[in-house]
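A closer look at the structure
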Amino acid sequence: MKLVLLGPPGAGKGTQAAMLVEKFGIPQISTGDMLRAAVKAQTPMGLKAKECMDSGALVSDEIVVGIVRDRLQEDDCKGGFILDGFPRTVPQADALKEVLIELGKDLDSVISLEVNTDALVERLTGRRTCGACGKGYHLKFDPPGADGKCSACGGDLVHRDDDKEETIRNRMDVYRQQTAPLEDYYRKEGLLKAIDGMQEISAVQEQIVTVLQAG
Ligand code: AP5
Ligand code: ZN
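Residues numbered from 1 in each chain as written. Chains lettered and ligands numbered in written order. Predicted model: local features only at pLDDT ≥ 70, side-chain atom pairs only at ≥ 80, totals over all residues. Heavy atoms only, no water.

**Some thoughts on the coordination of the zinc ion (ligand 2)**
Ligation of the zinc ion (ligand 2) by protein atoms is provided by Cys-130 (SG), Cys-133 (SG), Cys-150 (SG) and Cys-153 (SG), these donors lying 2.3 to 2.4 Å from the ion. Taken together, the 4 donor atoms surrounding the zinc ion (ligand 2) define angles of 96 to 116° at the centre, an arrangement classified as tetrahedral. Spacing between the donor residues of the zinc ion (ligand 2) along their common chain follows C-x2-C-x16-C-x2-C. Here Cys-130, found in strand β5 (residues 127-130), pairs with Cys-150, found in the loop between β6 (136-138) and β7 (157-158); they are 20 residues apart in sequence, far enough to count as distant. (Donors = N, O, S within 2.8 Å, 3.2 Å for Na, K, Ca; no water. Tetrahedral: all angles 85-135°; square planar, octahedral: opposite > 155°, others 65-115°. Helix = DSSP H or I, 4+ residues; strand = E, 2+ residues; numbered from the N terminus.)

**Quick look at the site of ligand 1**
Surveying the vicinity of ligand 1 reveals 35 residues, the closest of which are Thr-15, Ala-57, Arg-88, Arg-127 and Arg-171. Interatomic distance of 3.0 Å between a backbone N/O atom of Gly-12 and an oxygen atom of ligand 1. Between ligand 1 and Arg-36 there is a distance of 2.9 Å, counted from an oxygen atom to a side-chain nitrogen or oxygen. In isolation ligand 1 offers 1,000 Å² of accessible surface; the protein chains occlude 95% of this area. For the shell around ligand 1, the secondary structure elements donating two or more residues are α1 (13-24), α2 (31-40), α6 (117-125), β6 and α9 (201-213). The dominant element in the shell around ligand 1, judged by the number of residues it contributes, is α2, at 4 residues. (Near = heavy atom within 4 Å. Polar contact = N/O pair within 3.5 Å; in protein donor to acceptor, adjacent residues only side chain to side chain. Areas by Shrake-Rupley, 256 points an atom, 1.4 Å probe, with all protein chains shown as cover.)

**Description of the UniProt feature "binding site: Zn(2+)" (unreviewed entry) in the chain**
In the numbering used here, UniProt assigns the "binding site: Zn(2+)" (unreviewed entry) feature to Cys-130, Cys-133, Cys-150 and Cys-153. A compact arrangement is adopted by the annotated residues: their sequence extent is 24 residues, whereas the largest C-alpha distance between any two is 8.5 Å. In this structure Cys-130 touches Lys-135, Cys-150, Cys-153, Gly-155, Asp-156 and Leu-157, once residues within four positions along its chain are discounted. With respect to the helices and strands, the residue Cys-133 is situated in the loop between β5 and β6. Given the relative accessible area of 42%, Cys-133 is considered partly exposed. Here Cys-133 is in contact with Cys-150, Ala-152 and Cys-153, once residues within four sequence places are set aside. (UniProt positions renumbered as here; feature names shortened; annotations may be inferred. Contact = heavy atoms within 4.5 Å. Buried < 20%, exposed > 50% of the residue type's maximum accessible area, 1.4 Å probe, protein only.)

Structure representation (structure tokens):
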């Protein structure tokens, strides 16, 4: 299964991708996670990306297309993959099409998670992530244990730098201007499947699985 998860910041792409990895045994390819790892490791690419990410702007198409192109060629992507947070611009979607043609692959579906702005802000301000294993939580909707630590590994939870309200608003504007046109792009290709992302996490998951199994 070769999927793209599309949706505004906080729509639940990462949360749903992690569950789909378990269910279908295919890797999650999150450009946001890969860029954050590069920032942490202070690689030349990470140093370039950091300023854009801190302000909520997009990193250049050239950088992200390069990392996705390399990642898709790895062995674990042979049986499928879940792209989370990529593509985010029309040039990225065009580049993905070319890379997939080179690899002799086709996308099966583009899942679009639909969530209103107030809910997105609430989700992002309450989001916490384990600094050690990366597991995601929400203080209200998906809380950690009573000790406030990661239930999987006991690690400390962190609040992402770009989850401050002002940066969140910026990321939403960027989504509306640069990424929302992809909904039409993939609708025209007959790949777009819209999902009501306002439901509980498990209900969203069920709806995605139902839509994917219907083909
Ligand atoms: P990225 O990391 O991709 O951030 P994003 O798209 O803004 O998405 P998020 O990770 O914020 O949200 P999500 O949809 O995954 O939500 P989550 O599941 O965590 O990108 C960060 C930055 O990197 C960008 O701003 C850009 O600078 C750069 N970048 C990345 N990709 C790029 C690209 N392709 N091109 C250029 N630049 C790029 O859920 C959020 C919270 O809500 C969690 O706490 C979760 O527990 C909770 N939650 C989830 N679902 C539900 C539900 N159904 N009900 C209640 N709570 C829920
Ligand atoms: Zn952890």
